[in-house]
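Summary of the model geometry
Chain by chain, the residues:
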Amino acid sequence: MKVMKFGGTSVGSVESILSLKRIVEAVDEPVVVVVSALGGITDQLLRTARQAQSGDAAYRSQYDAICRRHHEMIGAVLAGDGRRQQLTAETDRLLGELGSIYQGVFLIRDLSPKTEAAIVSYGERLSSRIVATLVSGAGWKDSRQFIKTEHKHGRQQLDSDLTAMLVKAAFSGEQRVVVPGFISQDKDTGETTNLGRGGSDYTASIIAAALDADVLEIWTDVDGFMTADPRVIPTAYTIQELSYVEAMELCNFGAKVIYPPTIYPVCVKNIPIRVKNTFNPTNPGTIIRDHIENDRKPIKGISSISGTTLITVAGLSMVGVIGVNRRIFTTLAEHGISVFMVSQASSENSTSIGVRDEDAAQAVEVLNQQFSKEIETGAMFPMQAESGLATVAIVGENMKHTPGIAGKLFGTLGRSGISVIACAQGASETNISFVVESRLLRKSLNVLHDSFFLSEYNVLNLFICGVGTVGGNLIEQIRSQQQELMDKRRLKLNVVGIASSQRAVFTRDGIDLADYRRLLDESEPSGTERLRREVIGMNIFNSVFVDCTASADVAALYQDFLEHNISVVAANKTAASGPYDSYRRLKQAALQRGVKYRFETNVGAGLPIIGTIGDLRTSGDKILKIKAVLSGTLNFICNELAADVPLSQAVRHAKDLGYSEPDPRVDLSGLDVLRKIVILAREGGYRVEQSDVRIESFLPEKYFGGTLEEFWQQLPQLDEPFRQRCSQLRAGGKRLRYVATMDHGQTTVQLEAVEEQHPFFQLEASNNAVMLTTERYREFPMVIQGYGAGAGVTAAGVFANILSIANI
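Right, let's walk through the structure included here. In this text, all values refer to a predicted model and were calculated from it rather than measured experimentally. (Residues numbered from 1 in each chain as written. Predicted model: local features only at pLDDT ≥ 70, side-chain atom pairs only at ≥ 80, totals over all residues. Heavy atoms only, no water.)

1. With respect to the overall build of the protein chain
Heads up, the condition is: The helix and strand labels rest on DSSP assignments: H or I over at least four residues marks a helix, E over at least two residues marks a strand, and numbering proceeds from the N terminus. Using C-alpha atoms as the atom set, the radius of gyration is obtained and then compared with a globule rule of 2.2 Å times the number of residues to the power 0.38. When a residue's accessible area, from a 1.4 Å probe over protein chains only, is under 20% of the maximum for its type it is buried; when over 50% it is exposed; and in between it is partly exposed. Asp and Glu are treated as the negative residues and Lys and Arg as the positive ones, with His and the ends of the chain left uncounted. To locate a charge, take NZ of a lysine, CZ of an arginine, CG of an aspartate or CD of a glutamate.
A count of helical and extended segments in the protein chain gives 29 helices and 31 strands. At 37 Å, the protein chain has a C-alpha radius of gyration far larger than the 28 Å of a compact globule built from 808 residues. Based on the C-alpha atoms only, the size of the protein chain along its principal axes is roughly 115 × 75 × 55 Å. Burial statistics for the protein chain: of 808 residues in total, 51% are counted as buried. If the 84 positive side-chain charges of the protein chain are averaged to one point and the 92 negative ones to another, these points end up 1 Å apart.

Below, the structure written as C-alpha cells:
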C-alpha cells in the first residue's frame, strides 16, 4: 500500500482538486490520502482569529469569505452530484462551529493557544471531507483519533509509540481512505492540537511508517527537489534521486518541498519518499531513499536562507574554558531561539551563530544577560550582531569522497568578488554552509550553480558597448561562432547587454543577436549612468564589459566595473593611454579582484603585440627598446609617396578608401601614434605620460588650424617638398616611415628614413609593424607585422581578448 499527501496548492483550485481525484483513482493498491487545507485557508483562518481578538468586527467578512470559498469549491467539483447536499450540510455544520468560536474570541478579546489550534484545524477537516466525497470509493477518518500528542517542555510533541499503535488499529485494509493532515489530539486532555506548519507531510510520514507502506508520495506544485530555487536560478533542474540525509539538509536550509520532520519516521523504516507534481503527474519527480546506485555527483543541491543575522560571542576568557558553548546554546534554547549555523575559531576566542532576523534582538539580549559578569569585567565583549545577511548551503553526501569541493566553492566565490563572512562544515562533509551579504545572495547562487551543475559549459556574460563598425562586426562574429564554441569548446557566450550611444537593452537571459538592432531601437534611452547602474546592478557571474567606443566617459566606468569583479575588454585607447596613475589603478584593481583588463586592440588591431610584451616580461625578459609603425593610415600614405604619388592625392586616396578619419588631420597629427607608444612603453614596464613623448607631426603645425576645406586647399603646397624628399630617399635606397620609438623609457614619434634591409622598408599598404629589442632578443629583435587597422580585424582582436578570459 502507499500513502499519498496532497498539499494546499493541490487542493487549492478546481483544476488541482480534480487532478487529485484522477491521480488517486488511478491507484490500484490500497491508499491513504492525507490532505492539507485549501490553499491559503490556514493563513486566512489565523488572520480572521487575530481580527476577532482585536475586537475588529470586520472579522465577519473574512469568515464569510472562508465559508464562500468552501461552498464554491463544493459547487464546482460536485455540480449535479447527489452527494453534494450531504457534504454541504456537513460543511455548514463545521463552519457553524468555527463561526461560534470566532464570536467567542471577539466577545472576550482573547485567543489562547488552545483556541487557536482548534480554529486552524477546521482547514484540514473541511478540505478532507470535500476530497473524501469527491474521490470514488473513498472513506474518511479523523486523524485526531490516532495522531496523539503530549505536552512536554512547554509545547505539544508527538507520542510516537501510542500513535503508531493507534494508526495500525485504525486502518484495516480499506482501499481508499482520506484523512486530514496537520491536526492531532492531546492524549490526556482530548484537546485538538497540531503538528506545526507543514505538519500534513508529517502526518503522512507517521501513517506510512506505522503501516509499513511501500512508498510515501508527497504531491505538491513542483516537479520535485530542484538543484536550486528556480525563481532565482532559471537553469535549475529537478534532482532525480536524493538520500534521506541530503533531503534533510536541503529542507533545513530553505528548500520548502517537504516539512523537515517528515523524513525521520520513514527513514527509520527505509520507506522511500517520492515527491511529485499534481499539475504534471507524468513527471517522475524526485525519489528519496537510503542508498542511491551509481551516484557520482558530489553536489546534489544548493539551498539558502535569507534574513540571517550572525551573532558573534567573543572574548579572551573563552580560550580553553569549558562550558562557554553550553551556556550559549542552553540560554538560546530556554528562550526558544533556533540556531541553524555555528562557526567557531580554532583559538576558541569567538563563536559565531546564525539565527533568523526576527530572533536576533532577543538572542543578543539574553546572551548579554547570561555573560553580563564577564562583559562587565572585560573578559568578554558585548554580543555583536550583523544583519542583512544570507546563508547558503551546498549539499551532497559524495562530497566526503571528492577532494577539492571546498576549494572549488570558495575559489568560485572569490573570483566573483563574493566575500564569505562565516562558514561551517561538519566532519560528515554532507553540507558546507557559509554566510554572505544579502545583496550577494543571487550572485552566489548563480555562480555556484553554474560551477557545480552547469559545468559542461563555461559561461561568459557579455555587456557590449558600441555598435558602430567595430562593435557591429564583433556582435556578428560572436553570433556566427556561438554554436561552434558551445559544441567544440564548451563555452557559452551570453550577451546580456548591448548599448549604443543613445539606447541600451539588458536581459539576464541573453539577447537574440540576430535581432539586436530592432531591440535597441525599441529600448529605453541610455547614458553612462544607466550603463553603470545596469551592468553593476545585474550582479551576474563571469561578466565582461566590452568597450567598442572611443568615449572617455565610458572609459571612466572601468574602475567601478573592475572593483565589482567585472572584467573589461577595451578597444577604446582612452584609459590605457590616459594618466599613468589611472592606468596603474585599473591594472591593480583587476589583479586584486581576480578579473581581467584586456586591451590588445589598442595597438595594432588584431596583432598580438601587447600580449607578446606581457608574455616576455612574465617569463623574466626585459623590454629595452621598441620601434614601431603604428598607423595604418600613415603607412599607406608613405607607400603612396614612395610610388611617386603627390602627398595631397595620397591623403585623399587614404580618406576615400576609409583608411583615415573623415578629417585626415586626426591621423596626420600623430596623436594616435603617440597614445599607442605610451601604451606599449607602459606595458613594457616604463612609467610614461603622453607629455613625455617628443612628437613630430607628419605635417607642419600650420596645416592643423582652420577648417577642413581650408586644409584641402592648402595641402598641395606640400606636394613638391615631399616629392623632393622621397626622390632623394629613393636614390639612396630608403623609404619614409612614421615611426614611434621607446628606448629605455625615452619616447619619440617622428618621420624616419629606413634602409632597404630594415624590417619596416617592405611594409605594405596599411600594415603595422613592431620591433622588440629585449635582453633575450638583443641581437636579432622580434618583429610582429601584419594588418593593423580595419573594423573586422579589430573586432576579431576584441573577440580574441574575450576568449582569453575564458582561457580559450
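2. With respect to the sheet that holds strand β23 (residues 543-547)
Put simply, the test is: Between any two strands, pairing holds if DSSP finds at least two bridges.
Strands sit in the order β22-β21-β20-β19-β23-β24-β25 across an open sheet of seven strands; the sheet is mixed. Of all the strands in the sheet, the pair left with one neighbour each is β22 (524-525) and β25 (597-598). Where β23 and strand β24 (residues 567-570) come together, four bridges link them in parallel fashion. Bridge pairing in β24 links Val544 to Ser567.

3. A closer look at the side chain of Thr741
To keep it simple, the criterion reads: Polar contacts, as used here, are pairs of N or O atoms within 3.5 Å; protein pairs need one atom able to donate a hydrogen and one able to accept it. Residues neighboring in sequence count only if both atoms are side-chain atoms. In this analysis, two residues are considered to be in contact whenever any of their non-hydrogen atoms come within 4.5 Å of each other.
Along the chain, Thr741 falls in strand β28 (residues 734-743). In this structure Thr741 comes out as buried when scored by relative accessible area, which is 8%. Here the side chain of Thr741 touches Lys627 through a polar contact of 3.0 Å, side chain to side chain. Excluding its chain neighbours within four sequence positions, the residues that come into contact with Thr741 are Lys625, Ile626, Lys627, Ile677, Gln746, Thr747, Thr748 and Glu752.

4. A look at unusual backbone geometry
Trans is the prevailing form of peptide bonds, just as negative phi is the prevailing case for residues other than glycine. The backbone of Asn539 shows a phi angle near 55 degrees, a positive value even though the residue is not glycine. Note that Asn539 resides in the loop between α17 (528-538) and β23. Under the relative-accessibility criterion, Asn539 is labelled buried at 18%.

5. Describing the sheet that holds strand β8 (residues 192-194)
Our working rule: For every element, the axis is a line fit to its C-alpha atoms; helices are fit only across the contacting stretch, and the angle between N-to-C directions ranges from 0 to 180 degrees.
Strand order in the open sheet formed by four strands is β5-β4-β7-β8, with mixed pairing between adjacent strands. Unpaired on one side and paired on the other, β5 (155-158) and β8 mark the two borders of the sheet. Each neighbouring strand pair of the sheet contributes to a mean axis angle of 50 degrees, computed without reference to strand direction. Relative to β8, strand β7 (residues 183-186) is paired through three bridges, and the arrangement is antiparallel. Paired with Gln185 across the bridge in β8 is Thr192.

6. Things to note about the packing of aromatic side chains
So the rule is basically this: Only centres within 6.5 Å qualify two rings of Phe, Tyr or Trp (six-membered ring in Trp) as a pair; their planes then separate them into stacked at under 30 degrees, edge-to-face at over 60, and tilted for everything else. Two conditions define a charge sitting above a ring: the NZ of Lys or the CZ of Arg must be within 6 Å of the ring centre, and it must be within 35 degrees of the ring normal.
This structure, assessed with the given rule, holds 16 aromatic pairs. With a centroid separation of 5.3 Å and an interplanar angle of 35 degrees, the aromatic rings of Tyr59 and Phe106 are classed as tilted. With Tyr59 in helix α3 (residues 59-77) and Phe106 in helix α4 (residues 84-108), this residue pair connects regions lying 47 residues apart in the sequence. By the ring-pair criterion, three or more aromatic residues cluster together here, those being Tyr59, Tyr63, Tyr102 and Phe106. Note that Arg109 overlies the ring of Phe106, its terminal NZ or CZ placed 4.8 Å from the centroid. A cation over a ring is seen here: Arg129 above Trp140, with NZ or CZ 3.5 Å from the ring centre.

7. Examining the nonpolar core
Going by this rule: Each nonpolar core is a collection of buried residues, namely Ala, Val, Leu, Ile, Met, Phe, Trp, Tyr and Cys, held together in the definition by side-chain atoms within 4.5 Å.
Ranked by size, the top nonpolar core spans 107 residues in total, and within it Phe545 and Phe698 carry the most contacts. Per-element accounting of this core gives the leading share, seven residues, to helix α26 (residues 671-683). Leave out the neighbours within four places in its chain, and Phe698 touches Leu634, Ile637, Cys638, Leu641, Leu647, Leu668, Phe722, Tyr738 and Leu751.

8. Description of the pairing of strand β30 (residues 767-774)
In terms of burial, β30 is largely enclosed, as eight of its eight residues are buried. Burial along β30 is two-sided: the residues Asn767, Ala769, Met771 and Thr773 and Asn768, Val770, Leu772 and Thr774 are all buried. With six bridges connecting them, strand β26 (residues 623-629) and β30 associate as antiparallel partners. Counterpart to Ala628 in the pairing with β30 is Val770. Where β30 meets strand β31 (residues 782-787), six bridges bridge the pair, whose relative direction is antiparallel. When the sheet's bridge partners are listed, Val770 is paired in β31 with Ile784.

9. A short note on the side chain of Thr91
Following the sequence through the fold, Thr91 ends up in helix α4. What makes Thr91 buried here is its relative accessible area of 1%. Sequence-distant contacts of Thr91, that is, excluding residues within four places in its chain, are made with His70, Ile74 and Leu126.

10. Looking at the packing of helix α22 (residues 610-618) against α26
Applied cut-off: Between 65 and 115 degrees an angle is taken as roughly perpendicular, under 35 as roughly parallel, over 145 as roughly antiparallel, and anywhere else as oblique. Crossing handedness follows the turn of the near helix against the far one: under a right angle anticlockwise gives a left-handed crossing, and clockwise gives a right-handed one. When residue character is reported, Ala, Val, Leu, Ile, Met, Phe, Trp, Tyr, Cys and Pro are called nonpolar, Asp, Glu, Lys and Arg charged, and the others, Gly included, polar.
Two numbers describe how α22 lies on α26: the axes approach to 9 Å, and their chain directions differ by 20 degrees. With respect to α26, the axis of α22 lies roughly parallel. With respect to the hand of their crossing, α22 and α26 are arranged in right-handed fashion. On α26, the residues touching Ile610, Ile613 and Arg617 of α22 are Ile679, Leu680, Arg682 and Glu683. Considered class by class, the residues forming the contact of α22 with α26 number four nonpolar, no polar and three charged.

11. A word on the pattern of salt bridges
Threshold: Any Lys or Arg side-chain nitrogen found within 4 Å of a carboxyl oxygen on Asp or Glu counts as a salt bridge.
All told, the structure shown has 39 salt bridges when counted by the stated rule. A salt bridge links Arg518 to Glu522; the shortest N-O distance between them is 2.8 Å. The partly exposed category is assigned to Arg518, whose relative accessible area is 39%. Its relative accessible area of 57% is what places Glu522 among the exposed residues. A salt bridge links Lys573 to Asp672, with the nearest nitrogen and oxygen atoms 3.3 Å apart. Within this pair, whereas Lys573 is found in the loop between β24 and α20 (574-577), its partner Asp672 is found in helix α26, the two being separated by 99 residues in sequence.

12. Quick word on the pairing of strand β2 (residues 31-35)
Worth spelling out the cut-off: Orienting the strands away from the viewer, one traces the path from the first strand over the helix to the second; a clockwise path indicates a right-handed crossover.
In terms of burial, β2 is a largely internal element, five of the five residues being buried. Every second residue of β2 is oriented toward a common face, with Val31, Val33 and Val35 on one face and Val32 and Val34 on the other, all of them buried. In terms of strand pairing, strand β1 (residues 2-6) meets β2 through five bridges, oriented parallel. Looking at β2, one finds that Val3 is bridged to Val32. Crossover connection from β1 via helix α1 (residues 14-25) to parallel β2: handedness right-handed.

Limitation: the analysis is restricted to geometry and does not speak to function.
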